[in-house]
Amino acid sequence: RASISIYTRDTVVVSPTAGTDGSWVWSGPNDFTATSREISLSNIQPIQSGNYVVTYTNSNSCSSSYTINIAATN
């Protein structure tokens, strides 16, 4: 688990490193979802603060998840 603190209106890019032969699924606050390896949150607001969970599934259907807590403050 990782934690990131940034200022409101900043941009954060999260780009995990793992194999390239699988799929990615993200979930987060306010029904956030994505299916790319990298996510970018621009002009972040406090309502976007919280846990972002990424799950990587490789070509053998083995998966792993990681949680990143992002806190946007003034």
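Here goes a summary of the coordinates provided.

Rules used in this analysis
- Residues numbered from 1 in each chain as written.
- Predicted model: local features only at pLDDT ≥ 70, side-chain atom pairs only at ≥ 80, totals over all residues.
- Heavy atoms only, no water.
- Pairing = 2+ DSSP bridges.
- Helix = DSSP H or I, 4+ residues; strand = E, 2+ residues; numbered from the N terminus.
- Axes fitted to C-alpha atoms, helices over the stretch in contact; angles between N-to-C directions.

Quick look at the sheet that holds strand 3 (residues 23–28) now. Hydrogen bonds along the backbone pair up the strands of a sheet, which may run parallel or antiparallel. Across the sheet, 5 strands lie side by side as 1-7-6-3-4; this open sheet has mixed pairing. Strands with a single pairing partner mark the edges of an open sheet, and in this sheet they are strand 1 (2–7) and strand 4 (32–34). Pairs of neighbouring strands in the sheet enclose a mean axial angle of 20°, with direction left out of account. Bridge count between strand 3 and strand 6 (residues 50–57): 5 bridges; the pairing is antiparallel. What sits directly across from tryptophan 26, in strand 6, is valine 54.

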